[in-house]
Amino acid sequence: MIYTVTLNPSLDYVIRMDSFVPGSINRADSAEIVAGGKGINVSTILCRLGMETTALGYVGGFTGRKIADELYNMGVCERFTRLSGGDSRINVKLRAGEESEINAKGPEISPADEAVFMDELNLLVKNGDYVVLAGSIPKTLKTDTYARIMQMLSDREVNFVVDAEGDLLCDVLLYHPFLIKPNVLELGDIYGRRLIGISDIRECAKDMMRRGARNVLVSMGKEGAVFWGEDGSELYSPAPDGTVVNTVGAGDSMVGGFLYGYIKYGNFAEALKWGSACGAATACSVGIAERELILSML
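Keep in mind the model is a prediction, meaning the values are calculated, not measured.

Engineer: When you look at the environment of Ala-239 in this model, what are you seeing that I'm missing?
Structural biologist: With respect to the element layout, Ala-239 can be found in the loop between strand 14 (234-237) and helix 8 (250-265). Residues in contact with Ala-239, not counting those within four places in the same chain, are Gly-221, Lys-222 and Gly-224.

Engineer: How do you make sense of helix 9 (residues 268-283) when you look at a structure like this?
Structural biologist: Quick reminder: α-helices carry 3.6 residues per turn. Residues three or four places apart thus point the same way. In this model helix 9 runs 22 Å from its N-terminal to its C-terminal C-alpha over 16 residues, within 8% of the 22 Å that 1.5 Å per residue would give. For helix 9, the tally of buried residues reaches 13 of 16 residues, placing the bulk of the element in the interior. Of the residues that open helix 9, the one with a side-chain oxygen 3.1 Å from the backbone nitrogen of Ala-269 is Asn-267.

Engineer: Help me out: how do you make sense of the sheet that holds strand 7 (residues 89-96) in this one?
Structural biologist: Strand pairing in a sheet relies on backbone hydrogen bonds, with the paired strands running either antiparallel or parallel. With respect to topology, 4 strands assemble into an open sheet ordered 3-2-7-8, the strand pairing being mixed. Of all the strands in the sheet, just strand 3 (30-36) and strand 8 (98-102) have a single pairing partner and so form its edges. Taken over all neighbouring pairs, the strand axes of this sheet differ in orientation by 20° on average, direction set aside. Two elements, strand 7 and strand 8, share 5 bridges in a ladder whose sense is antiparallel. Across the sheet, Ala-96 pairs through a bridge with Glu-98, a residue of strand 8. Here helix 2 (residues 61-74) sits on the sheet and contacts strand 2 (10-16), strand 3 and strand 7; the angle it forms with strand 3, its principal contact strand, is near 90°.

The rules we used
- Residues numbered from 1 in each chain as written.
- Predicted model: local features only at pLDDT ≥ 70, side-chain atom pairs only at ≥ 80, totals over all residues.
- Heavy atoms only, no water.
- Helix = DSSP H or I, 4+ residues; strand = E, 2+ residues; numbered from the N terminus.
- Contact = heavy atoms within 4.5 Å.
- Expected span 1.5 Å × (residues − 1).
- Buried < 20%, exposed > 50% of the residue type's maximum accessible area, 1.4 Å probe, protein only.
- Polar contact = N/O pair within 3.5 Å; in protein donor to acceptor, adjacent residues only side chain to side chain.
- Pairing = 2+ DSSP bridges.
- Axes fitted to C-alpha atoms, helices over the stretch in contact; angles between N-to-C directions.

This is the structure in structure tokens:
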């Protein structure tokens, strides 16, 4: 089973217009409401590829119920922990020539709510499962939450995938995640430098592996993606051709596609191919890519 963890999911209110003028009345050309969150995006891609997955995390209030309903309508299995109080956040995504976002804070998560979630996760995850830890941690949770999850499950053979930034990513290397997926800017920020070319990226990715990561996948936007594996492989994939309309969720789609390819075919070359196809397909879609476009990108 592939479990995805989204600790601060949202309802994304996506507004599209030709232009936006601050301080005046602006009228949208279109708007939609979708369930948002990096782990949710991974589960959505896996579901569209026909692979079983379960989305975990916290939801609360009427917005939380809407998030769960959206996943149900997409056919994505969820076992979210229902919060004892508060509402899941609503994020505003403005598409008006360029992409702008207003991300809300999210609800308070009590120690009792966290205990329910951790107990559920501990009961669900078995040897050989994949657990995707994706995105930021709510301010009401401790910054070592990902590390504590990995420590709790360290008594079984779990393949952890971590898509996070900064210390949140570095702190889990001690537990030897199966895969980490920073983008090139996030990787550079960790080392306090701008990475120029594959040699710079290789130097930092190899250091992440020395620190504990088993495999490293680095997305580079229109420049494609590069992968370093525990088997000594170094693989590169160009970005498939297409017209980019939305970059939100493209990295998450790459993670989902990579897992699909690896689990189905058992090798990193196929995994990278599927990851690149899924990432590009979402970048060329209004939302998370549909199966037909993924296959054409493949």
